[in-house]
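# Close look at the chain arrangement
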Amino acid sequence: MEALRIVCPECNSVNTVKIKGQGEVIPCAQCKTDLDDPFPLEATDETCTTHIVENEIPILVDFYSTTCGPCMAMYDDYEDAALGFGLKVKFLKVNADVYQKVAGKYGVGALPTIIAFNKGEEISRVSRQLSQSELVLWAQSLI
Ligand SMILES: [Zn+2]
């Protein structure tokens, strides 16, 4: 079984874990938080890059603003899409108004912009509101 590096959603320490099945509780070695937390993680300038670079699972990052209508309209769909993936694909969210540094680093202009990464490399990006099924299909294509 392949061991993968997974960044803790709580303390951002890097764990090396063997993933047996979905829904399994995998406690962080540092803080004991369950690493298999399927909810989208609100990331910051600091934590976003750590997750993109250190995680050995595909990552989706939704750059949004609370004043952007399409971003907020996608909020629930993004969360619902994330719940099906667990540690297969990690869903992140970045408030681009607050964390302008990381938004600038990845060249985010229009909002929402969703970017897919695998092992630190950008795979693809979309700059429009996506439906839940579009998000699920995209995430599945990354596995
Ligand atoms: Zn932790």
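Each remark here, short or long, concerns the structure printed above.
Residue numbering note: each chain is counted from 1, following its sequence as written. The predicted nature of this model means local features are confined to residues of pLDDT at least 70 and side-chain atom pairs, given and counted, to a pLDDT of 80 or more, with totals for whole chains, interfaces and linings taken over all residues.

## Comments concerning the overall build of the chain
Here a helix means four or more residues in a row that DSSP labels H or I, a strand means two or more in a row labelled E, and each is numbered from the N terminus. Broken down by element type, the chain carries five helices and seven strands. Computation of the radius of gyration draws on C-alpha atoms, with the globule rule given as 2.2 Å multiplied by the number of residues to the power 0.38. Radius of gyration (C-alpha) of the chain: 14 Å, near the 15 Å computed for a compact globule of 143 residues. Its C-alpha atoms put the chain at 40 × 30 × 25 Å along the principal axes. Residues are treated as contacting if the C-beta atoms built from their backbones sit within 7 Å of each other. Contacts in the chain between residues far apart in sequence, at least 24 positions, make up 66% of those at least 6 positions apart.

## Let's talk about the nonpolar core
A general tendency of soluble globular proteins is for nonpolar side chains to be buried together. We define the nonpolar core as any set of buried residues of the types Ala, Val, Leu, Ile, Met, Phe, Trp, Tyr and Cys, connected via C-beta atoms lying within 7 Å of each other. Residue burial is a threshold on neighbouring C-beta atoms within 10 Å of the residue's own C-beta, all placed from the backbone, with 20 or more meaning buried, 12 or fewer meaning exposed, and counts in between meaning partly exposed. Residues Cys48, Leu60, Val61, Phe63, Leu92, Val94 and Ala96 are the most contacted members of the largest nonpolar core, which totals 36 residues. Ranked by residue count, the leading element in this core is strand β4 (residues 59-64), at five residues.

## Overview of the sheet that holds strand β6 (residues 113-118)
Strand pairing is assigned whenever DSSP detects at least two bridges linking the two strands. The strand order across the open sheet built from five strands is β3-β5-β4-β6-β7, with neighbouring strands paired in mixed fashion. Only two strands of the sheet have a single neighbouring strand rather than two, namely β3 (41-43) and β7 (121-126). Geometrically, the sheet is characterised by an average inter-axis angle of 30 degrees between neighbouring strands, direction not taken into account. Pairing of β6 with β7, which is carried by five bridges, proceeds in the antiparallel orientation. By the bridge assignment, Asn118 is partnered in β7 with Glu121. For helices, the axis comes from a line fit to the C-alpha atoms of the stretch in contact; other axes are also lines fit to C-alpha atoms, and the angle between any two N-to-C directions lies between 0 and 180 degrees. This element, helix α1 (residues 45-54), spans β3, β4, β5 (90-95) and β6 of the sheet and lies at about 155 degrees to β5.

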